[in-house]
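# Descriptive structure summary
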Amino acid sequence: MRTISKYSNTIEYNIKTNLDASGVAKLQTQLRQVEAELQRMQGRGVYTDAQVKKDLANINQIKNALKSAFNPSLGMLDSKAFMSALTKGGKTLQDYAATFNAAGTKGAQAFAT
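Residues numbered from 1 in each chain as written. Predicted model: local features only at pLDDT ≥ 70, side-chain atom pairs only at ≥ 80, totals over all residues. Heavy atoms only, no water.

## So, the packing of helix α2 (residues 49-69) against helix α3 (residues 79-87)
Contact geometry of α2 with α3 gives a least axis separation of 9 Å together with a crossing angle of 150°. Between α2 and α3, the angle is such that the two are roughly antiparallel. Read as a crossing pair, α2 and α3 show a hand that is right-handed. Listed contacts from α3 to Q61, I62, A65, L66, S68 and A69 of α2 are A81, F82, A85 and L86. Of the residues in the contact of α2 with α3, the class split is 8 nonpolar, 2 polar and no charged. (Axes fitted to C-alpha atoms, helices over the stretch in contact; angles between N-to-C directions. Helix = DSSP H or I, 4+ residues; strand = E, 2+ residues; numbered from the N terminus. Parallel < 35°, antiparallel > 145°, perpendicular 65-115°, else oblique. Left-handed = near helix turned anticlockwise from the far one by under 90°. Contact = heavy atoms within 4.5 Å. Nonpolar A, V, L, I, M, F, W, Y, C, P; charged D, E, K, R; others polar.)

## Structural notes on the pattern of salt bridges
This structure, assessed with the given rule, holds 2 salt bridges. Its salt-bridge partner being K63, residue E35 comes within 2.8 Å of it at the nearest N-O pair. Linking E35 in helix α1 (residues 21-43) with K63 in helix α2, this pair joins segments that are 28 residues apart in sequence. When the shortest N-O distance is used, the salt bridge between E37 and R40 registers 2.8 Å. (Salt bridge = Lys/Arg side-chain N within 4 Å of Asp/Glu carboxyl O.)

## Comments concerning helix α4 (residues 93-102)
Those residues of α4 lying buried are Y96, A97, T99, F100 and A102. In the core, the buried residues of α4 are packed alongside α1, α2, α3 and α5 (105-112). With its phi angle positive at about 85°, G104 sits one or two positions after the end of α4. (Buried < 20%, exposed > 50% of the residue type's maximum accessible area, 1.4 Å probe, protein only.)

## Some words on the packing of α1 against α4
Between α1 and α4, the least distance of the axes is 9 Å, while the angle of their chain directions is 65°. For the pair formed by α1 and α4, the contact residues are L31, V34, L38 and M41 on the first element and T99, F100 and A102 on the second. The class makeup of the residues in the contact of α1 with α4 is 6 nonpolar, 1 polar and no charged.

## Side note on the layout of surface pockets
Of the pockets and cavities examined, the largest pocket occupies roughly 420 Å³. Contributing to the lining of the largest pocket are 19 residues, with L27, F82, A110, F111 and T113 lying nearest its centre. Going through the elements one at a time, α1, α3, α4 and α5 are the ones with two or more residues in the lining of the largest pocket. The leading source of residues in the lining of the largest pocket is α1, at 6 residues. When its residues are assigned to classes, the lining of the largest pocket shows 13 nonpolar, 5 polar and 1 charged. (1 Å grid on protein atoms, 1.4 Å probe; cavity = no way out; pocket = protein on both sides within 12 Å on 5 of 7 lines; lining within 4 Å. Points joined across faces, edges and corners; volume = space filled by probe spheres on them.)

So, in structure tokens, the structure goes:
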């Protein structure tokens, strides 16, 4: 039988995060897929050149935010720096959601992830 002291100075955290290098790599792959889908849709005449350029600029801003917020020495993404970089241009998460949703199912899945 195991007894547990009433007073303990130990706290255990079980946190699962995708902010490590593998999660960032997966997000970068999804961003490339969204870019490719947007370009395919432009080629089919679904979106105007101006809309595609705007959406691709949003994707590039996300890529740059990922690059600047990732700390390679820790192997982790600084989520505060990432969100700060995303909102720096006055954009909201709804703006980015619209960009991802424009790419169809792949984009919606990437944004949800």
